[in-house]
Every structure is written in C-alpha cells, then in structure tokens.
Amino acid sequence: MKSENPLHPLIRPRRLRASPGLRGLVRETRLSPAALVLPLFVVPGAGVRQEIASMPGVFRESVDMLATSAKRAADSGVGGVLLFGVPPAAAKDAEGRAALDPAGLVPRALEAVAAAAPGLVRIADLCFCEYTSHGHCGPLDAHGRVDNDATLALTGEQAQVLARAGADVIAPSGMMDGMVAVIRQALDSAGCSAVPILSYAAKYASAFYGPFRDAADSAPAFGDRRAYQMDPANALEAMREVALDVEQGADMLMVKPAMPCLDIIRRVRERYDLPLAAYQVSGEYSMIAAAGERGWIDADRAMQESLIAIRRAGADIIITYSALRTAQQLNDGTFGAA
Ligand code: PBG
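Read on for an overview of the structure. Note that residues are indexed from 1 along each chain, following the sequence as it is written. pLDDT decides what is reported in this predicted model: residues at 70 or higher carry local features, side-chain atom pairs at 80 or more are listed and counted, and totals for whole chains, interfaces and linings draw on all residues regardless. Water and hydrogen atoms play no part in the side-chain values, which are based on all heavy atoms of the structure.

### Quick word on the site of the ligand
- The rule for a residue being near a molecule or strand is that one of its heavy atoms must lie within 4 Å of it. Lining the immediate surroundings of the ligand are 17 residues, of which Lys203, Arg213, Lys256, Ser282 and Tyr321 lie closest.
- The side chain of Ser173 places a nitrogen or oxygen atom 3.4 Å from a nitrogen atom of the ligand.
- Residue Arg225 places a side-chain N or O atom 2.8 Å away from an oxygen atom belonging to the ligand.
- Method for areas: the Shrake-Rupley scheme with a 1.4 Å probe, in which residue coverage is limited to the protein chains shown. For the ligand, the protein covers 100% of the area, taking 400 Å² as the surface of the free molecule.
- Here a cavity is any set of points on a 1 Å grid over the protein atoms alone where a 1.4 Å probe fits but cannot get out, and a pocket is any open set with protein on both sides within 12 Å along at least 5 of 7 lines; a residue lines the site when it has an atom within 4 Å of a point. Any molecule with more than half of its atoms within 2 Å of a cavity's or pocket's grid points is counted as sitting in it. In a pocket analysis with a 2 Å cut-off to the grid points, the ligand is assigned to the largest cavity.
- Tallied by class, the residues present in the shell around the ligand amount to nine nonpolar, three polar and five charged. A 3.5 Å cut-off defines polar contacts: any pair of N or O atoms within that distance qualifies, except that in protein one atom must be a possible hydrogen donor and the other a possible acceptor, and neighbouring residues in sequence count only when both atoms are side-chain atoms. When residue character is reported, Ala, Val, Leu, Ile, Met, Phe, Trp, Tyr, Cys and Pro are called nonpolar, Asp, Glu, Lys and Arg charged, and the others, Gly included, polar.

Here is the structure:
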C-alpha cells in the first residue's frame, strides 16, 4: 500500500514509538532479575571486602562478607551467583590442587551462601587457573602446554568436591576436550546425578577477560590461552564445540564473552533447545564503567542496552557483574527509563 504523495507515508513506524506507554506495549525483549547471575570472588579471612581496581563496584570478599552480598542479591530477585575462589599465592601449585580441598574457599562460600540465601542458585565455576602457580587452566606437560587429559583426571574430582559442598550447578570453564563427559560421570558416581552442568561451551580467547585476571589473580605467568580457548575468528568451530558438549550431557550452554559474540549466541539459540547463558565478562563491564566515570557515556543506560542486546540475541541467562544494580533498577522501575 503506497500513498499517492511521497511526502505523506501511509506506514509510519513512529506511531508506535510516540509515548512510553506505547513503547512499553510493543517492547519485544524484557529482562527479569531471575535471569541474572552475579559472579562473586571469595578470598581468605574475615571481614574482607576489597574493591577490584580494574572493576569499579566489584569486590573480593571473605566468606562472611560474600554471604551478605549473596543475600542482598537474593533479596533483589537475582537468580543465582557464580563463585570463584581466589587463594593466596602460597596455596598455589603446579597442578592447582587447592581446587580439590573440600574445606577450600569455594566449598565454604557455597555453604555460607546456602545458609544466608537458600533460594539463590549456587553455580560453581570449575577451572584450575585460579589455583595453579603458573596461572594456566590445568597442569602442564613437558613442553609447557596445558595437558588436556591430566587436567581431566583432576576435573572430575573438583566437580565432586563442589557438588558435595552444595553447588547447585557445575560450570566448567577450562575448555578441555571431554570435560563435560568426565564431570557427568564423576557426579553420577558420587551420587550427584541431580546436579546439572552449565558448560562454557563456546569460550573464546578474549582480551576482554583482562580485569578478571586481576580480580582472580589468574593471569598466565607465560604465554596465553589460545591453545585451549577459541579463536575469535571462528563461528563454525563454536557450533562444533557446542555439539560436543550437548553429546556429552551438558544441561545448559554458555557463550563467552557476550557482546563480541552476539552472532554466536543467536546461532546457538537457533540450533539448540537447551537453556543458553551468556557471560558479559569483566572487560565488557569495566569498559562501560570507565567510560561512565569519564563522563563519556551514561554507564547505566549503556549497561542496560548491552544486557537487552544480549537477551535479544537469544540468551536466557545473563551472567553480569551488574546483576545486583540491574535487578534493583528493574525492581524500582528505572530500567529503561530515560
Ligand atoms: C576461568 C575463567 C575466566 C573467566 C571466567 N572463568 C578467565 C579466563 O578464562 O582467563 C573470565 C571472566 C571475566 O572476564 O569476567 N577460566
């Protein structure tokens, strides 16, 4: 249908943008606090709450303080927390064995969160990079490369330790071949067949993890992670990685990082029916925070737009350092208000 007069279009998409009410009615994508997951970093001690220099508003906390943060998140309706242990340098060794300690930082944090916020889903990240002296994601072979199968041998044990400590979900992030199958078998043989696996299925070797490595003290002492994490140039390979994890029994999938990978999120969403998480990583968060501090962008609006874009691309679950603040904005009606 065309108007006679080109200066008077018949079809005017602007009609539906005229007021907040109309925009609200036709909005296609919404966020809810229940779909957000807040990452938390646990350090030894008591009463510790140190802000991470490269991540404004994000803290490393001792178990007691972390439990309070988890409670606050739960009270705002945040769906879950994702726990990372940050042991002192003295506790690290070449194999990352501190990750296998049933009385370690993450097991104790899991118990404290369960007590403080029983309804919150406790997701335990499973990796060795925070626990190895060299900062790589598993023990090294004679050539200094991460030994895939030696890492797998420890991976099952870490999964059992985390599940026994009360993890509701195990989230392996090491990008070792075969990790999901090993974890599934280890969990089942430990009587934890009900514990699901959220696999970091397509995880790229990304520059956007920089601030996290400060936060978790997990920067590799030499080299980089390109021999196990994926090349950002590849999308078909992401689909193969996802297929392997689905075959091995992954219950949920993850794409990471999020904004540089919106196309991957969309492709995984279209091909697979499993719940899909996207991780808005440390660098994505800190870029927005830093530009906001400089007055270059409105950090709140930029964060909201990013999260909506990740959801629109197809993520069901968003892991974000902004989970608490965003949940509060969703609750008080300031999300999307501008
Ligand atoms: C551990 C792990 C990393 C992140 C999550 N799990 C770091 C890495 O792979 O180097 C990054 C998260 C972030 O940047 O926010 N393997």
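Now that the structure has been shown, we can carry on.
### Section: empty space enclosed by the protein
- Grid points are joined across faces, edges and corners, and a volume is the space filled by probe spheres set on the points. By the definition in use, this model includes four cavities of 30 Å³ or more.
- As a volume, the largest cavity reaches approximately 140 Å³.
- Phe84, Lys203, Tyr209, Phe212 and Lys256 are, among the 18 residues lining the largest cavity, the residues nearest its centre.
- Helix and strand assignments follow DSSP, with helices taken as H or I runs no shorter than four residues and strands as E runs no shorter than two, numbered in order from the N terminus. When contributions to the lining of the largest cavity are tallied by element, the ones reaching two or more residues are strand E7 (198-203) and helix H6 (210-216).
- Residues of the lining of the largest cavity, tallied by class, amount to eight nonpolar, four polar and six charged.

### Re the layout of surface pockets
- Of the volumes computed, that of the second largest pocket is approximately 550 Å³.
- Among the elements of the structure, strand E1 (36-42), strand E3 (55-61), helix H2 (63-75), helix H9 (282-293), helix H10 (299-313) and helix H11 (323-332) are those that each provide at least two residues to the lining of the second largest pocket.

### Topic: the pairing of E3
- Any two strands with at least two DSSP-identified bridges between them are counted as paired. Looking at chain direction, E1 and E3 are connected through two bridges and run parallel. Note that in E3 the partner of Val42 across the bridge is Glu61.
- With antiparallel pairing between neighbouring strands as the criterion, strand E2 (residues 49-52) and E3 make up a hairpin whose turn holds two residues.

### Focus on the pattern of salt bridges
- Just to be clear on terms, a salt bridge is a Lys or Arg side-chain nitrogen sitting within 4 Å of an Asp or Glu carboxyl oxygen. One pass over the structure, following the stated rule, counts eleven salt bridges.
- Of the charged contacts in the structure, one is a salt bridge between Glu61 and Arg49, with a shortest N-O distance of 2.9 Å. On the criterion of sequence distance, the pair formed by Glu61 in strand E3 and Arg49 in strand E2 is long-range, its members being twelve residues apart.
- Burial classes follow relative accessibility: with a 1.4 Å probe on protein chains only, a residue under 20% of its type's maximum area counts as buried, one over 50% as exposed, and anything between as partly exposed. Accessibility expressed as a relative area gives 2% for Glu61, which makes it buried.
- With a shortest N-O distance of 3.2 Å, Glu270 and Arg266 are connected by a salt bridge. Of the two residues, Glu270 and Arg266 both sit in helix H8 (residues 262-271), four residues apart, roughly one turn of that helix.
- A relative accessible area of 59% means that Glu270 is categorised as exposed.
- Exposure remark for Arg266: the relative accessible area of 32% places this residue in the partly exposed category.
- Bridged by salt links that share partners, the residues Arg184, Asp188 and Asp251 form one connected network.

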